[in-house]
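So the chains spell out like this:
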Amino acid sequence: FSLNLAADCNAVLKALQPIFQEQGMTETVHNWEDHGYLATYIKKNGSFANLRIHPHGLVLVDLQSYNDHTKGREEVDQLLNKIEERMKELFHGNIKRVKRLPAILRGGVIDRYWPTADGRLVEYDIDEVVYDEDSPFQNIKILHSKQFGNILILSGDVNLAESDLAYTQAIMGSGKEDYTGKEVLILGGGDGGILYEIVKLKPKMVTMVEISFDKGLSMVFSLHFSAASNIDQMVIDGCKKYMRKTCGDVLDNLKGECYQVLIEDCIPVLKRYAKEGRMFDYVINDLTAVPISTSPEEDSTWEFLRLILDLSMKVLKQDGKYFTQGNCINLTDALTLYEEQLSRLYCPVEFSKETVCVPSYMELY
């Protein structure tokens, strides 16, 4: 409750006390003089409520209850309704705003809460844990959402859902590129989405290098990233079984008529290709997002990004194109720093950018 006037802490406490007493709750009150009251109410079944009254006109009520059934939720709603009615009676139209937030369910079998890239908490409509395994490098989850289908989540970061064709199309050039007869190199992309879509376009050959973490360098650097994306054999194994709307059948075999998947560290592969003079029409980097942290101690992430960029430029044809994801548009500092890296490469480059709505991210990228 946000009030239009100062709160009489004692009056609020006395007005609400009977409601909690009716529930058979035991009261404890703390008074901090100029800093208001904190009253706690505890029920015999372990449920409890915190009533925090701030003198400047903010009254907060938090209720925690172990009620995993409809009747329990109805009891909670009834209690909150009584509190709201009593507050309106007490302040006679001097309540500026009443905001009731939905319950956060803690400790459930299914975890529905996942953060966006810029740190906002989103509650997804997850109704099933499809796959949950720890590889030597990360936790791999595939969860089912009523809206988005199966969602791949790596070490707590939402990577891709079956609904997210917009992401794949954007990182391929948004339908503006002709991949017919072209040589394409994909870095990362272990969910198989990019490979599946490009193979449909009749390329000459697509090489996908899926990091294995056999080399210490890429393991150390990638673990600094905000969203280590699609980076080991177990990701491929999980996706080819549970993300088939995204990857089709391209992950069933590591070689196809016009593609091959290498389970290797991309850095030595890029160096080898550069030494051999092998060139590509397109390089698509789906390894990671731009680091969220822009603090000085995270310089190693930018060094890694520049290393990947420089090596990629060495295997990219003069008229070739390099595609990668950026980050959510709210992380303006990280995006600006990424653009600054492009001026520090060994060769000059031109770049453009596009903003895309990726459904399961619930933010613009």
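Coordinates for the structure precede this section.
A brief look at the structure comes next. Please read these numbers as outputs of a predicted model, since none were measured by experiment.

1. Let's talk about the overall build of the protein
A tally of helices and strands in the protein yields 10 helices and 19 strands. Counting every position in the protein, which comprises 365 residues, the buried fraction comes to 48%. The contacts in the protein between residues at least 6 apart in sequence include a share of 61% that link residues at least 24 apart. As displayed, the protein has an accessible area near 18,800 Å², and 50% of this comes from carbon and sulfur atoms.

2. Considerations on the sheet that holds strand 16 (residues 280-286)
In any sheet, the strands associate via hydrogen bonds between backbone groups, in a parallel or an antiparallel arrangement. Taken together, five strands build an open sheet; the order of strands is 15-14-13-16-17 and the sheet is parallel. Two strands lie at the open edges of the sheet, namely strand 15 (259-262) and strand 17 (316-324), each paired on one side alone. For this sheet, the mean angle separating the axes of adjacent strands, direction not counted, is 15°. As defined by bridge partners, strand 13 (residues 183-188) adjoins strand 14 (residues 205-209) across five bridges and the pair is classed as parallel. Residue Leu187 lies in a different strand from strand 14, and its bridge partner there is Val209. Against the sheet, helix 8 (residues 266-276) engages strand 13, strand 14, strand 15 and strand 16, with an angle of about 155° to strand 13.

3. Regarding the pattern of salt bridges
A full pass over the atoms with the stated rule returns 16 salt bridges. Between Arg278 and Glu183 there is a salt bridge, with the nearest N and O atoms lying 3.8 Å from each other. Pair noted here: Arg278 is in the loop between helix 8 and strand 16 and Glu183 is in strand 13, with a separation of 95 residues, a long-range link. Across the pair Lys317 and Asp281 runs a salt bridge whose closest N-O atoms are separated by 3.1 Å. You can see Lys317 sitting in strand 17 and its partner Asp281 sitting in strand 16, a full 36 residues away along the chain. Given the relative accessible area of 31%, Lys317 is considered partly exposed. For Asp281, a relative accessible area of 14% corresponds to the buried category. Among the charged side chains, a network of salt bridges with common partners joins Glu84, Lys88 and Arg100.

4. Focus on the nonpolar core
If you look at the biggest cluster of nonpolar residues, it comprises 49 residues, and the most contacted ones within it are Leu195, Ile198 and Ile284. What Ile198 contacts, discounting residues up to four positions off in sequence, is Met172, Tyr179, Val184, Ile186, Pro203, Val206 and Ile284. If you look at the next biggest cluster of nonpolar residues, it comprises 26 residues, including Leu187, Ile267, Phe280 and Val315.

Thresholds, definitions, all that
Residues numbered from 1 in each chain as written. Predicted model: local features only at pLDDT ≥ 70, side-chain atom pairs only at ≥ 80, totals over all residues. Heavy atoms only, no water. Helix = DSSP H or I, 4+ residues; strand = E, 2+ residues; numbered from the N terminus. Buried < 20%, exposed > 50% of the residue type's maximum accessible area, 1.4 Å probe, protein only. Contact = heavy atoms within 4.5 Å. Areas by Shrake-Rupley, 256 points an atom, 1.4 Å probe, with all protein chains shown as cover. Pairing = 2+ DSSP bridges. Axes fitted to C-alpha atoms, helices over the stretch in contact; angles between N-to-C directions. Salt bridge = Lys/Arg side-chain N within 4 Å of Asp/Glu carboxyl O. Core = buried A, V, L, I, M, F, W, Y, C linked by side-chain atoms within 4.5 Å.

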